[in-house]
Amino acid sequence: MANKMWGGRFSRNPDAIMEEINASIDFDQHLFRQDIAASKVHVAMLAKQGIIPAHDANRITHGLDTILSEIEQGKFKFERSLEDIHMNVENRLAELIGPVAGRLHTARSRNDQVATDFRLWVRESIDAVDAALASYQRALADRALEHADTLMPGFTHLQPAQPVTLGHHLLAYVEMAERDRGRFRDTRKRLNQSPLGAVALAGTAFPIDRGATSKGLGFDAPMANSIDAVSDRDFALEALSAAAITAVHLSRFAEEIVIWCSPLMGLITLSDRFTTGSSIMPQKRNPDAAELVRAKAGRIIGALQTLLVVMKGLPLAYQKDMQEDKEGTINAFSALMLCVAAMTGMVGDMTPNVDRMRAAASEGYSTATDLADWLVLTLNLPFREAHRMTGQIVAQAAAQKVALHELPLAALQTVEPRITADVFAVLSAENSVRSRASQGGTAPKLVRREATKWLKALAKQGA
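The notes below deal with the structure included here. Since this is a predicted model, take the numbers as computed values, not measurements.

The rules we used
Residues numbered from 1 in each chain as written. Predicted model: local features only at pLDDT ≥ 70, side-chain atom pairs only at ≥ 80, totals over all residues. Heavy atoms only, no water. Helix = DSSP H or I, 4+ residues; strand = E, 2+ residues; numbered from the N terminus. Rg over C-alpha atoms; globule rule 2.2 N^0.38 Å. Buried < 20%, exposed > 50% of the residue type's maximum accessible area, 1.4 Å probe, protein only. Contact = heavy atoms within 4.5 Å. 1 Å grid on protein atoms, 1.4 Å probe; cavity = no way out; pocket = protein on both sides within 12 Å on 5 of 7 lines; lining within 4 Å. Points joined across faces, edges and corners; volume = space filled by probe spheres on them. Nonpolar A, V, L, I, M, F, W, Y, C, P; charged D, E, K, R; others polar. Patch = residues over 30% accessible without salt bridge, like charges linked within 9 Å, V, L, I, M, F, W, Y side chains within 5 Å. Areas by Shrake-Rupley, 256 points an atom, 1.4 Å probe, with all protein chains shown as cover. Salt bridge = Lys/Arg side-chain N within 4 Å of Asp/Glu carboxyl O. Phe/Tyr/Trp six-rings, centres within 6.5 Å; stacked < 30°, edge-to-face > 60°. Lys NZ or Arg CZ within 6 Å of the ring centre and 35° of its normal. Core = buried A, V, L, I, M, F, W, Y, C linked by side-chain atoms within 4.5 Å.

### Looking at the overall build of the chain
Piece 1. Looking only at helices and strands, the chain features 18 helices and six strands.
Piece 2. Here the C-alpha radius of gyration of the chain, 30 Å, is well above what a compact globule of 463 residues would show, namely 23 Å.
Piece 3. Taking the principal axes of the C-alpha coordinates as reference, the chain spans close to 100 × 50 × 40 Å.
Piece 4. When each of the 463 residues of the chain is scored for burial, the buried share is 48%.
Piece 5. The long-range fraction of contacts in the chain, counting pairs at least 24 apart against all pairs at least 6 apart in sequence, stands at 74%.

Structure follows, in C-alpha cells:
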C-alpha cells in the first residue's frame, strides 16, 4: 500500500521516530487562518486563470470555510502523522469534498505555501505588537504628564548623579518604544512581498497570476526570485531582532521597578494586582510581574539566536532545517505580547512615593554639578577648575556629614573666596531640575510639553 502522503514513490509508512522528528503540527497549527486564507486566494486565482474548473474552485472554497469553522470551534482533529498544518487541511478537505480537493495543490508546493503562511503570521504579529506598544507609550506619557514635577534621583552606575523628574525618566521609555515600533515597521515593509507561486523553487509551467494572489493577501508585490522566495527567512530574523531589542528595553524598565520597589530604596509601590506573596514569609510583597518580564527577555533573545544558528549554513533553496523557524518565533511573540501587557499594567499601577523620591533626589551630593556650573557662569572659571573646586567642597561636606546646602558659606569660601550666598539658590534639587531646560532636558516645563506632544500623536494614531 502506498504511503498516504507521498503516494507511489514510497511504499511504507515512516518509522515512529521519523514521524516524531518530522512533525511540525504541534506548533504550525497556529498558522491555520493564514494557511486557509492563502489557499482560498490561490484557488480563486487557479479558477480565474482557467487552470481548474470554477465549480471545483467553489467546492474547494466552501470546504476550506468549513475547515476554518471546525478549527475555530475546536472540532478539528489534528493528526501528527500528517506532519503539518498544510497536509492536515488538505486531508480534511479530501474527506469533505472527495478527490477534487487534490486540485488545490496545483501550481503550489509546501515550500511556497509555508513561506507565505509564515509571512502572513509574522505580519499580523507585528501589527499586534505595534498596537500593544502604542498603548504602553500612552500609559507612560500619561504618568509622565502626571509626574512632570515629581523629583527623583537620576543615576549613573546606579549611584546618585543629578536630580531629574519621574516624568522625564518615564519619557525615556516612550522614546525607546518608538524606536522599537520603527524597527517593526521597517521589518513589516520589507517582508510584505509574496512567495506564493514560487512553488518548490523554480516557479511553474502553469499560467498563474502571482500579482493576483499577492494583492489578494495584502502583499505589495510578488517576490522577484523563486529560489529566494522559498529559502528566505530574513523576515523572521528581522522580526525576532526587533522583538529582542524590545524585550531588552522592557527588561531594563522591569529591573528598575524591582529596584525601586525594594524597601531599601522605597521609591514606588505596586498593588496586589502585580505582586505576589511568600509561602513562608507573610510580610513579603514580591514584584514578580516585573521579574518575569525581565526573565522572558532571555526566551525572546534565545529565539533569535536559535534561528540565526539554523540559517547560518543552509544552502539554497528550502531545507527541512527551516521547519525550526516557527516554534521559537511563535513562542517569542507570545512572550513579548505578554511582557508588553504586563509593563503597561505596572506603569498604571505603580504608586510613586513622592516624598521619598524628593528626599532621594538630594542625596549623594546630586547638585554638585550645579555648583560647578555656577562657578563657571558666575566666576568665569574654566569648567575643569570648577570641577576640582567642587570636588573639594563635596569632600568637606562628606567629612562633616552634611548636605551641600548645609555647609556654611565660610566653608565654601575656604576653597574659593569669591563664592557668595547666591550659590545656595542652585543647590536645591528643585532649582536643579528647573535649570535643566536645554532641549531634551528634565525641566518640568519641557516634560509637560513632551508628554502632551506624545499623547496627541498617539491619539492621532488611534492608540
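That shown, we press on.
### Concerning the layout of surface pockets
Piece 1. Of the volumes computed, that of the largest pocket is approximately 370 Å³.
Piece 2. Taken together, 14 residues line the largest pocket, and the ones lying closest to its centre are Phe-155, His-169, Tyr-173, Arg-252 and Glu-256.
Piece 3. Where the lining of the largest pocket is concerned, the elements lending two or more residues are helix H7 (166-191) and helix H10 (234-261).
Piece 4. For the lining of the largest pocket, the per-class residue count stands at nine nonpolar, two polar and three charged.

### Considerations on a nonpolar patch on the surface
Piece 1. Among the surface-exposed residues, Leu-201, Ile-227 and Leu-316 lie close enough to one another that they form a single nonpolar patch of about 270 Å² accessible area.
Piece 2. For Leu-316, the position within the fold is in the loop between helix H11 (288-311) and helix H12 (325-349).
Piece 3. By relative accessible area, which is 65% here, Leu-316 ends up exposed.

### Considering the side chain of Arg-110
Piece 1. For Arg-110, the position within the fold is in helix H6 (residues 110-146).
Piece 2. Here Arg-110 falls in the buried class, since its relative accessible area comes to 18%.

### What about the pattern of salt bridges?
Piece 1. Under the counting rule described, the total for this entry stands at 32 salt bridges.
Piece 2. Between Glu-416 and Arg-418 there is a salt bridge, and its shortest N-O distance comes to 3.1 Å.
Piece 3. Between Glu-450 and Lys-453 there is a salt bridge; the shortest N-O distance is 3.1 Å. In this pair, Glu-450 and Lys-453 both sit in helix H18 (residues 444-461), three residues apart, roughly one turn of the helix.
Piece 4. Using a relative accessible area of 25% as the deciding quantity, one classes Glu-450 as partly exposed.
Piece 5. Within this structure, Glu-83, Asp-84, Arg-110 and Lys-320 form a network of salt bridges that share partners.

### Let's talk about the packing of aromatic side chains
Piece 1. Per the counting criterion, the structure on display carries six aromatic pairs.
Piece 2. Relative to Phe-78, the ring of Phe-76 has its centre 4.8 Å away and its plane inclined at 55°; by these criteria the two rings are tilted.
Piece 3. Judged by relative accessible area, Phe-78 falls into the partly exposed class, the value being 23%.
Piece 4. Following the ring pairs from residue to residue traces out a cluster consisting of Trp-121, Phe-184 and Phe-333.
Piece 5. Above the plane of the ring of Phe-219 lies Arg-123, whose end atom (NZ or CZ) is 5.0 Å from the centre.
Piece 6. If you follow Lys-326 out to its NZ or CZ, it ends over the ring of Phe-118, 5.7 Å from the centre.

### Re the environment of Trp-121
Piece 1. The topology assignment puts Trp-121 in helix H6.
Piece 2. Beyond its immediate stretch of four places on either side in the chain, Trp-121 contacts His-30, Leu-31, Gln-34, Thr-329, Ile-330 and Phe-333.

### A closer look at unusual backbone geometry
Piece 1. Cis geometry is adopted by the peptide bond preceding Ala-317, which originates at Leu-316 and carries an omega value of 10°.
Piece 2. On the secondary structure map, Ala-317 appears in the loop between H11 and H12.
Piece 3. A positive phi angle, close to 60°, is found at Ala-107, a residue other than glycine.
Piece 4. Secondary-structure assignment places Ala-107 in the loop between helix H5 (85-97) and H6.
Piece 5. One non-glycine residue, Tyr-365, lies in the positive phi region at around 55°.
Piece 6. As for its placement among the helices and strands, Tyr-365 is situated in the loop between helix H13 (354-361) and helix H14 (368-379).

### Focus: the nonpolar core
Piece 1. Ranked by size, the top nonpolar core spans 74 residues in total, and within it Tyr-136, Phe-184, Phe-253, Ile-257, Met-343 and Met-346 carry the most contacts.
Piece 2. When residues of this core are traced back to their parent elements, those giving at least two are H6, H7, H10, H11, H12, H13 and H18.
Piece 3. Among the elements that make up this core, the one with the highest residue count is H10 (16 residues).
Piece 4. Once you skip the residues sitting within four places of it in the chain, Met-343 turns out to touch Tyr-136, Leu-250, Phe-253, Ala-254, Ile-257 and Val-293.

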